[in-house]
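Examining the three-dimensional arrangement
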Amino acid sequence: MNTQLITKLPTILDPTKMPQHVAAIMDGNGRWAKQQGLPRIAGHQQGANTVKSLLRCCKDWGIANFTVYAFSTENWGRPAVEVDFLMRLFEGLLDSELDQMHAEGVRIRFLGDRSQVPLGLQRMMDKSIDKTQYNQAVTFNIAINYGSRKEILQACKSIAELVKAGELDVNLLDESMFDRYLDTHELPDPDLLIRTSGEQRLSNFLLWQLAYTEIYITKTHWPDFSNDEFTLAIADFQQRNRRFGKV
Ligand code: IPE
Ligand code: IPE
Ligand code: MG
């Protein structure tokens, strides 16, 4: 990484120890809205502003990959009006923000099974991927209809098909080859996972990829998670002693 290129880095952060991949479980939109006396959907709307400002921080601070959990495979179990609102919100945001993100060099990717999301959103997802595919400032991964167990199972099925067809010797299968069948292929594993709103669980997010990720949990609800708190989370990460099982 060329640290000369990093602009506006908060002075408490060490430019030589920046995470290369930050992932976020954006939780607490509903609780935030309740606190304000607003409907849950207002929390989702407000949460989008946090995403925009953190994405810009990643770009400005030299964090190459930013991944957000926007909708889980379990979130279909929510009331239909909320699910509907979220799908429209994702589509609308991609539509309204695409030109600006493209101008800023954001490369957009998606994790999750898109076949079950509304067609209009699928089209917007394809358009975003196509338009931004050569951008290099920051890769922005959005997990929509994503579930880690589903992802791992799908990888196993694809590999089993290859073995059955005699195209792969099962003895040659190793972790790096397995990685290539996950939605995150080509992405480094997250260095830092942030979960807002205090829950201490992974909720089916990146179970394979988070094996050695540092975890930062804050009680702050996602719509209130500011650039300053993002700075604190990274400062905390920079103090960690990552041993990877060694001494
Ligand atoms: C996270 O906020 C957004 C999504 C899961 C889509 P929540 O909607 O889960 O907010 P809480 O947890 O109910 O407060
Ligand atoms: C996790 O949040 C999923 C997303 C942020 C998209 P949830 O609110 O769905 O998680 P649980 O239900 O508290 O585990
Ligand atoms: Mg929640």
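Residues numbered from 1 in each chain as written. Chains lettered and ligands numbered in written order. Predicted model: local features only at pLDDT ≥ 70, side-chain atom pairs only at ≥ 80, totals over all residues. Heavy atoms only, no water.

A few points about the packing of aromatic side chains
Using the following cut-off: Any pair of Phe, Tyr and Trp rings, taking the six-membered ring for Trp, is counted once the centres come within 6.5 Å. Such a pair is stacked with planes under 30 degrees apart, edge-to-face with planes over 60 apart, and tilted for the rest. The secondary structure listing takes helices from DSSP runs of H or I that are at least 4 residues long and strands from runs of E that are at least 2 residues long, numbered from the N terminus. Three labels apply to residues, based on accessible area from a 1.4 Å probe with only protein chains included: buried if under 20% of the type maximum, exposed if over 50%, partly exposed otherwise in between.
Taken as a whole, this structure holds ten aromatic pairs when the rule is applied. Judged by centre distance (5.7 Å) and plane angle (20°), the rings of Trp-61 and Phe-230 are stacked. Remark: Phe-230 occurs in helix H7 (residues 227–239) and Trp-61 occurs in helix H2 (residues 40–61); sequence separation between them is 169 residues. The buried category is assigned to Trp-61, whose relative accessible area is 5%. Ring geometry for Tyr-69 and Tyr-146: centres 6.0 Å apart, planes at 80°, overall edge-to-face. Taken together, the residues Tyr-69 in strand E2 (residues 65–72) and Tyr-146 in strand E4 (residues 138–146) connect sequence positions 77 residues apart. Residue class for Tyr-69 comes out buried when judged on its relative accessible area of 7%. Connected via pairs of aromatic rings, a cluster forms that spans Trp-61, Trp-222, Phe-225 and Phe-230.

Considerations on the nonpolar core
Basically, it comes down to this: Each nonpolar core is a collection of buried residues, namely Ala, Val, Leu, Ile, Met, Phe, Trp, Tyr and Cys, held together in the definition by side-chain atoms within 4.5 Å. Contacts are assigned to residue pairs that have any heavy atoms within 4.5 Å of one another.
Core analysis: the biggest nonpolar cluster contains 45 residues, and Phe-140, Ile-142, Ile-144 and Phe-230 have the highest contact counts within it. For this core, the element with the highest residue contribution is helix H3 (residues 80–103), accounting for seven residues. In this view, Phe-230 contacts Val-22, Leu-54, Cys-57, Cys-58, Trp-61, Ile-63, Ile-194 and Phe-225; residues no more than four positions away in its chain are not counted. Core analysis: the second largest hydrophobic core is formed by ten residues, Ile-25, Ala-143, Leu-193 and Leu-206 among them.

A short note on the site of ligand 1
Heads up, the condition is: We call a residue near a given molecule or strand whenever any one of its heavy atoms falls within 4 Å of it. A 3.5 Å cut-off defines polar contacts: any pair of N or O atoms within that distance qualifies, except that in protein one atom must be a possible hydrogen donor and the other a possible acceptor, and neighbouring residues in sequence count only when both atoms are side-chain atoms. Note on areas: Shrake-Rupley, 1.4 Å probe, and residue coverage restricted to the protein chains presented here. Three classes are used: nonpolar for Ala, Val, Leu, Ile, Met, Phe, Trp, Tyr, Cys and Pro, charged for Asp, Glu, Lys and Arg, and polar for all others, with Gly counted as polar.
Of all residues adjacent to ligand 1, which total 13 residues, the nearest are Met-26, Asp-27, Arg-31, Arg-40 and Arg-78. At 2.9 Å from an oxygen atom of ligand 1 is found a main-chain nitrogen or oxygen belonging to Gly-30. A distance of 2.8 Å is found between an oxygen atom of ligand 1 and a side-chain nitrogen or oxygen belonging to Arg-40. Coverage of ligand 1 by the protein amounts to 87% of the 380 Å² it exposes when considered alone. Secondary structure elements with two or more residues in the shell around ligand 1: helix H1 (29–35), H2 and H3. When residues of the shell around ligand 1 are assigned to their parent elements, the largest contribution, three residues, is made by H1. By residue class, the composition of the shell around ligand 1 is three nonpolar, five polar and five charged.

A word on the UniProt feature "binding site: Mg(2+)" (unreviewed entry) in the protein chain
Formally: UniProt positions are given in the numbering used here, feature names are shortened, and annotations may be inferred rather than shown by experiment.
Per the UniProt record, "binding site: Mg(2+)" (unreviewed entry) is found at Asp-27 and Glu-214. Of note, Asp-27 is situated in the loop between strand E1 (21–25) and H1. In contact with Asp-27, other than residues within four places in its own chain, are Arg-195, Thr-196, Ser-197, Glu-199, His-221 and Trp-222. At 2.9 Å, the side chain of Asp-27 forms a polar contact with the side chain of Arg-195.

Re the site of ligand 2
Every residue close to ligand 2 is listed here: Ile-25, Met-26, Asp-27, Tyr-69, Ala-70, Phe-71, Ser-72, Asn-75, Arg-78, Arg-195, Arg-201 and Ser-203. In the model, an oxygen atom of ligand 2 is placed 3.1 Å from a nitrogen or oxygen of the Asp-27 side chain. Arg-195 places a polar side-chain atom, nitrogen or oxygen, 3.4 Å from an oxygen atom of ligand 2. Notes on ligand 2: free accessible area 390 Å², of which the protein chains cover 79%. Ranked by residues supplied to the shell around ligand 2, first place goes to E2 with four residues. Considered class by class, the residues forming the shell around ligand 2 number five nonpolar, three polar and four charged.

Considering the packing of H2 against H7
Convention followed: For helices, the fitted line uses only the C-alpha atoms of the stretch in contact; every axis is such a line through C-alpha atoms, and the angle between N-to-C directions lies from 0 to 180 degrees. By definition in this entry, angles of less than 35 degrees are roughly parallel, angles greater than 145 are roughly antiparallel, angles of 65 to 115 are roughly perpendicular, and the rest are oblique. Each helix crossing is assigned a hand: it is left-handed if the near helix lies turned anticlockwise from the far helix by less than a right angle, otherwise right-handed if that turn is clockwise.
Between H2 and H7, the shortest axis-to-axis distance is 10 Å and the interhelical angle comes to 50°. In terms of their interaxial angle, H2 and H7 are classed as oblique. The handedness of the crossing between H2 and H7 comes out as right-handed. On H7, the residues touching Ser-53, Leu-54, Cys-57, Cys-58 and Trp-61 of H2 are Asn-227, Phe-230, Thr-231 and Ile-234. Its residues assigned to classes, the contact of H2 with H7 comprises six nonpolar, three polar and no charged.

Considerations on helix H5 (residues 148–164)
So the rule is basically this: One fewer than the residue count of a helix, multiplied by 1.5 Å, yields its expected span.
With 17 residues, H5 extends 24 Å from end C-alpha to end C-alpha; this agrees with the ideal 24 Å at 1.5 Å per step. Where H5 is buried, its residues contact E4 and helix H6 (175–179). Of the residues one or two after H5, Gly-166 is the one with positive phi, at around 75°.

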